[in-house]
Amino acid sequence: MKIKHLTSTLALAGIVGSIPLGSYVAAKKTDLLDARPIPIFLEVNGEKKTMKIPRYNLFKIPPGNCARYAKNVARDVFGLRYDSANAWDLRYKNKIVTSANNEQLDDLVKRGDLKPGMLVGVYNPKSAHINDLDATGNKVAYTHMIVYLGKSDGKLRFAHQFKTKFEIFGQDDLSKRGLEAREVIAPKDYLSKGQVGMRRD
């Protein structure tokens, strides 16, 4: 989805230093116009913890800004900061971790190549952007961006913005909706499978 030229006036403060990839930061409403966050039980180090996934107001995240939504959730919930781009160009502004498909996602988690807060580029064959060109002049590799949240009841959970909706869904829903995972993205200052260097915005 293409980024609209609207600048967010509020940013999450106080997230600095270096934290383990997959650590969690308390997600709070950063704007009075934001909707109530979506609660979800996630399995963290063998324990179930309630996480709150933001639903930003549509002035902050206008419809069709899946990349901005995924990037903001990664920042506000997991403390990971990605450079901005359209969904299909995030791969050039950040770090490609690995290629992916729907059947591989569980294995990627087990290998440590997919961790909470990482983004997943997804191909939607019904997207209006499938014939667009990316920043390098090549046909886009994927058209949509989602963020991995972690496991809940043994299932992988993701969040995304689709048109005007903010949703949490399971890995099985990708295939049911005709969507195909293509690539896992981490911040460009991703150092190893355990650490990410944080930037101050």
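Values in this document were obtained by computation on a predicted structure and should not be read as measured data.

S.K.: For helix α1 (residues 66-78), give the residues involved together with the corresponding values.
M.R.: Taking 1.5 Å as the rise per residue, α1 with 13 residues should run 18 Å; its terminal C-alpha atoms sit 17 Å apart, in good agreement. Across the 13 residues that make up α1, a large majority, 13, are buried. In the segment just after α1, G79 is the residue with positive phi, at about 75°.

S.K.: Lay out the nonpolar core with the relevant residues and their values.
M.R.: Most often, soluble globular proteins have nonpolar side chains that are buried together. The biggest cluster of nonpolar side chains holds 47 residues, and the ones touching the most others in it are I53, V73, L105, L119 and M145. Sort the elements by how many residues they give to this core and α1 lands first, with eight residues. If near-sequence neighbours (up to four positions away) are discounted, L119 is found in contact with A70, K71, A74, Y82, L90, M145, I146, V147, E183, V184 and I185.

S.K.: Account for the confidence of the model for the protein, with residues named and values stated.
M.R.: Confidence along the protein averages 81 in pLDDT terms, with 79% of residues attaining 70 or more. By mean pLDDT, the top-scoring element of the protein is strand β5 (residues 119-123) (98), and the lowest-scoring one is strand β1 (residues 18-20) (32). Ignoring residues within four places in sequence, the model shows residues 2-29, a span with pLDDT below 50, making 77 contacts including any to other chains.

S.K.: Break down unusual backbone geometry for me, citing the residues and quoting the values.
M.R.: Negative phi values dominate among residues other than glycine, just as trans dominates among peptide bonds. Its identity as a non-glycine residue notwithstanding, D153 has a phi of 55°, on the positive side. As for its position among the elements, D153 is in the loop between β6 (144-152) and β7 (155-162). The phi dihedral of K163 falls on the positive side, at around 60°, and the residue is not glycine. Looking at the element boundaries, K163 is found in the loop between β7 and β8 (165-170). For K163, a relative accessible area of 55% translates into the label exposed.

S.K.: Which residues make up the environment of N124, and what are the values?
M.R.: Note that N124 resides in the loop between β5 and β6. In contact with N124, not counting residues within four places along its chain, are I130, T143, F162 and L179.

S.K.: Can you tell me about the pattern of salt bridges, naming the residues and giving the values?
M.R.: On inspection of all chains with the given rule, the structure shows seven salt bridges. Put simply, D34 and K60 hold a salt bridge, and the shortest N to O gap is 3.2 Å. Taken as a pair, D34 in the loop between β1 and β2 (35-44) and K60 in the loop between β3 (47-55) and α1 lie far apart in primary sequence, 26 residues in all. Taken individually, D34 and K60 each receive the classification buried, so the pair is uniform in this respect.

What counts, and at which threshold
Residues numbered from 1 in each chain as written. Predicted model: local features only at pLDDT ≥ 70, side-chain atom pairs only at ≥ 80, totals over all residues. Heavy atoms only, no water. Helix = DSSP H or I, 4+ residues; strand = E, 2+ residues; numbered from the N terminus. Expected span 1.5 Å × (residues − 1). Buried < 20%, exposed > 50% of the residue type's maximum accessible area, 1.4 Å probe, protein only. Core = buried A, V, L, I, M, F, W, Y, C linked by side-chain atoms within 4.5 Å. Contact = heavy atoms within 4.5 Å. pLDDT = per-residue confidence, 0-100. Salt bridge = Lys/Arg side-chain N within 4 Å of Asp/Glu carboxyl O.

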